[in-house]
2 protein chains.
Amino acid sequence: MSRTAYVNGSYVSHAYASVHIEDRGYQFADGVYEVWAVRQSKLLDSEAHFRRLNRSLGELRIPSPMTDQSLAHVLREVVRRNRVKNGLVYLQITRGVAPRDHAFPNEIISSIVITAKSTNAELAEKAAKAGVAVVTMNDERWARCDIKSVSLLPNVLAKQAAHEKGASEAWMVDDKGMITEGASSNAWIVTLDGVLTTRNLSPDILGGITRERVLTLAAERQLQVDERAFSKKEVLEASEAFITSSTNLVMPVVKIDNEAIGNGKPGPLASALRKDYLQSAAT
Amino acid sequence: MSRTAYVNGSYVSHAYASVHIEDRGYQFADGVYEVWAVRQSKLLDSEAHFRRLNRSLGELRIPSPMTDQSLAHVLREVVRRNRVKNGLVYLQITRGVAPRDHAFPNEIISSIVITAKSTNAELAEKAAKAGVAVVTMNDERWARCDIKSVSLLPNVLAKQAAHEKGASEAWMVDDKGMITEGASSNAWIVTLDGVLTTRNLSPDILGGITRERVLTLAAERQLQVDERAFSKKEVLEASEAFITSSTNLVMPVVKIDNEAIGNGKPGPLASALRKDYLQSAAT
């Protein structure tokens, strides 16, 4: 089946979907994006993603190309046209096309691109049962990681370095030796006394929607939660660790820099929260 | 006259020139660029730009899509087809098109885009006679500013903020209170005892080609040069200041954060170096 993308007002064949060479997304990384997980053809945590999208657009002063309601309609239509039952829908909005100049153009017509793809849910469950490895590296990103911008080159380099070391994610370490987050996920540990710990919100990390949802699920389970910075040393002393993202949902982490975390197997809390998440999202 | 761009092997109408929505330049800012000044239809400092381009590509491990010789041919052809006598030629190379995933694709076919445009040399001379204003702001960029990547969102925001304050450039200040460089240029001062001062090369700044050329011209004039970090306080105590870039060449700076630098007029050294540059480049 051929895929369909939505680009600036039209549904087009994904293979031929294109943007102008002077789109500011291409020349300046002047744009934002969102990724929704799709389960049973439904967008998970739809509202929360819209809230974050509008925040990112607002911080960068990029005009929203349409209302949330119209956007939600198009997102669902792209999911439908691509027959995605389980998968992802990707949205990118940039500050449009203009003759190259760093400063904002006088007239801005934002560009919008939406794609969707199916993913293999069974493969994801298998990965979750095995757990994944992470490696640490210096956080070389800019000062506004709270904005979900397409300025992702440092994340690309970190993720690639992780893959070359046989890991699936890079945990980035700030200049105080504390872990900020993964290249495309939030980082969590469960301390020996059972406290769910993840970095507090600040310009140093992206406020993950799955992170937010897991905080709610943790509250429902009456777990103790601490939102604060933690170090690699604390990861190695933790009973378990995991990452959260729209793509990974809740994914147990069993190794850091090739050393086992806890007993080296997916922890019970990570697995329980993953189950909770899938359950809560399905309703 | 309609403009022509070169995109992945073809000369196409600029108005319709496009790249795929999954070009990694668009989704990840996973690419580099170069800008050559064109004078009398010739590319200025052509070799030096090629050297830097290849360094940027090497640092990011993006395969060069063609030899320097072929690339030089295409650059000149784009200049010719657009009848550019004085202006700019812009080149962008990205890690190509691939299904969205942070890590490098297994097979990489780099994308390449080249555009050219004429600029008004008289207008530039007029600006150089008046001098420009700069404002300082926090340097929020990533840790590898020595790579000329398209990950330019912080530069966009800095430049826009400068424009809104009536200045043409933002001078960025690191966490030690020292100026790194402009959003799209290198920063210079001339101290009261006549020492030409500009930040030393490091991952904190881009090694400007015009910066390099001005260092050579300064040596020919037997000027004293100091490559080191300097503060805003030193700018206000300096006798003159200027910026260098392919777009601006050597441009006197007469104001910082609305305070006059020196006597508030373009300095004699900046003006002399601009003349030297235009002369040396024309040969």
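Residues numbered from 1 in each chain as written. Chains lettered and ligands numbered in written order. Predicted model: local features only at pLDDT ≥ 70, side-chain atom pairs only at ≥ 80, totals over all residues. Heavy atoms only, no water.

Considering the pattern of salt bridges
Alright, step 1. Counted by the stated rule, this structure contains 46 salt bridges over all chains.
Alright, step 2. Arg144(A) serves as the salt-bridge partner of Glu59(A), at 2.8 Å between the closest nitrogen and oxygen. You can see Glu59(A) sitting in helix 2 (residues 46-60) and its partner Arg144(A) sitting in the loop between strand 8 (132-138) and helix 5 (153-164), a full 85 residues away along the chain.
Alright, step 3. What makes Glu59(A) partly exposed here is its relative accessible area of 37%.
Alright, step 4. The partner of Asp146(B) in a salt bridge is Arg55(B), with the nearest N and O atoms 2.8 Å apart. Taken together, the residues Asp146(B) in the loop between strand 8 (132-138) and helix 5 (153-164) and Arg55(B) in helix 2 (residues 46-60) connect sequence positions 91 residues apart. (Salt bridge = Lys/Arg side-chain N within 4 Å of Asp/Glu carboxyl O. Helix = DSSP H or I, 4+ residues; strand = E, 2+ residues; numbered from the N terminus. Buried < 20%, exposed > 50% of the residue type's maximum accessible area, 1.4 Å probe, protein only.)

Considerations on the environment of Leu153(A)
Alright, step 1. As for its placement among the helices and strands, Leu153(A) is situated in helix 5.
Alright, step 2. Overall, the relative accessible area of 0% leaves Leu153(A) in the buried class.
Alright, step 3. Distance from Leu153(A) to Ala29(A), taken between C-alpha atoms, is 9.5 Å for residues 124 residues apart in sequence.
Alright, step 4. Discounting chain neighbours no more than four positions away, the residues touching Leu153(A) are Phe28(B), Ala29(B), Asp30(B), Leu60(B), Trp142(B), Ser149(B) and Ser151(B). (Contact = heavy atoms within 4.5 Å.)

A few points about the side chain of His20(A)
Alright, step 1. Looking at the secondary structure, you find His20(A) in strand 3 (residues 18-20).
Alright, step 2. Given a relative accessible area of 15%, His20(A) falls into the buried group.
Alright, step 3. A distance of 2.9 Å separates the side chain of His20(A) from the backbone nitrogen of Glu22(A), its partner in a polar contact.
Alright, step 4. A distance of 2.7 Å separates the side chain of His20(A) from the backbone oxygen of His14(B), its partner in a polar contact.
Alright, step 5. Discounting chain neighbours no more than four positions away, the residues touching His20(A) are Val97(A), His14(B), Ala15(B), Tyr16(B), Ala17(B) and Ser18(B). (Polar contact = N/O pair within 3.5 Å; in protein donor to acceptor, adjacent residues only side chain to side chain.)

Regarding the packing of aromatic side chains
Alright, step 1. Throughout the structure, instances matching the rule amount to 10 aromatic pairs over all chains.
Alright, step 2. Ring centres of Tyr6(B) and Tyr11(B) lie 5.1 Å apart, and the angle between their planes is 65°; on these two criteria the pair is classed as edge-to-face.
Alright, step 3. On the accessibility criterion, Tyr11(B) (27% relative accessible area) is partly exposed.
Alright, step 4. In this structure, Arg95(A) is placed above the aromatic ring of Phe104(A), and the distance from its NZ or CZ to the ring centre is 3.6 Å. (Phe/Tyr/Trp six-rings, centres within 6.5 Å; stacked < 30°, edge-to-face > 60°. Lys NZ or Arg CZ within 6 Å of the ring centre and 35° of its normal.)

Here's the deal with the interface of chain B and chain A
Alright, step 1. If you look at the interface, chain B gives 55 residues, while chain A gives 55 residues.
Alright, step 2. For the pair chain B and chain A, the summed buried area comes to about 4600 Å², and 61% of that belongs to carbon and sulfur atoms.
Alright, step 3. Across the contact surface, chain B and chain A share 23 residue pairs in polar contact (both at pLDDT 80 or more).
Alright, step 4. Elements that contribute at least two residues to the side of chain B that touches chain A include exactly strand 1 (4-7), strand 3 (18-20), helix 1 (24-28), strand 4 (31-39), strand 6 (87-94), strand 7 (111-118) and helix 5 of chain B.
Alright, step 5. Per-element tally for the side of chain B that touches chain A: the top contributor is helix 5 of chain B, with 9 residues.
Alright, step 6. Residues belonging to the side of chain B that touches chain A are distributed by class as follows: 26 nonpolar, 16 polar and 13 charged. (Buried area = accessible area lost by both parts, 1.4 Å probe. Nonpolar A, V, L, I, M, F, W, Y, C, P; charged D, E, K, R; others polar.)

Quick notes on the relation of the copies chain B and chain A
Alright, step 1. Take chain B, turn it by 180°, move it 0.0 Å along the axis, and it overlays chain A with an RMSD of 0.0 Å. Expressed as a symmetry operation, the mapping of one chain copy onto the other fits a two-fold axis.
Alright, step 2. When the interface residues of chain B are mapped onto chain A, 100% of them are again interface residues, pointing to one common binding face. (Least-squares fit on C-alpha atoms with pLDDT ≥ 70 in both.)

Focus on the sheet that holds strand 1 (residues 4-7) of chain A
Residues and elements named next belong to chain A.
Alright, step 1. Strand order across the open sheet formed by 6 strands is 2-1-7-6-4-5, with antiparallel pairing between neighbours. Looking at the sheet topology across the chains shown, the edges are occupied by strand 2 (10-13) and strand 5 (42-43).
Alright, step 2. Here strand 4 (residues 31-39) pairs with strand 5 via 2 bridges, running antiparallel. When the bridges of strand 5 are listed, Arg-39 appears paired with Lys-42.
Alright, step 3. Packed onto the sheet, helix 2 meets strand 4, strand 5 and strand 6 (87-94) and runs at close to 175° relative to strand 4. (Pairing = 2+ DSSP bridges. Axes fitted to C-alpha atoms, helices over the stretch in contact; angles between N-to-C directions.)

Some words on the packing of helix 2 of chain A against helix 3 (residues 68-81) of chain A
Residue and element names in this part refer to chain A.
Alright, step 1. Interaxial distance between helix 2 and helix 3 falls to 12 Å at its minimum, and their mutual angle equals 120°. Of the possible angle classes, the one that applies to helix 2 and helix 3 is oblique. Judged by the twist between their axes, the crossing of helix 2 over helix 3 is right-handed. Residue-level inspection shows Phe-50, Leu-53 and Asn-54 of helix 2 in contact with helix 3, the latter providing Asp-68, Leu-71, Ala-72 and Leu-75. (Parallel < 35°, antiparallel > 145°, perpendicular 65-115°, else oblique. Left-handed = near helix turned anticlockwise from the far one by under 90°.)

Topic: helix 4 (residues 121-130) of chain B
Alright, step 1. The N-capping residue of helix 4 of chain B, defined by a side-chain oxygen 3.0 Å from the backbone nitrogen of Glu122(B), is Asn120(B).
Alright, step 2. Gly131(B) lies just past helix 4 of chain B and shows a positive phi near 85°.

A short note on the domain arrangement of chain A
Residues and elements named next belong to chain A.
Alright, step 1. For chain A, the domain assignment lists domain 1 (4-118) and domain 2 (124-282).
Alright, step 2. Averaged C-alpha coordinates put domain 1 and domain 2 at centres separated by 26 Å.
Alright, step 3. Counting residues at the interface gives 21 residues for domain 1, matched by 20 residues for domain 2.
Alright, step 4. For domain 1, the biggest contributors to the area lost against domain 2 are Tyr-33, Asp-45 and Arg-52; these three give 32% of the whole.
Alright, step 5. Put simply, domain 1 and domain 2 have 4 salt bridges between them.
Alright, step 6. Among the salt bridges present, the one from Glu-212 reaches Arg-51, with a minimum N-O distance of 2.6 Å.
Alright, step 7. Our enumeration of links across domain 1 and domain 2 arrives at 11 residue pairs in polar contact (both at pLDDT 80 or more). (Domains from an automatic or database assignment.)

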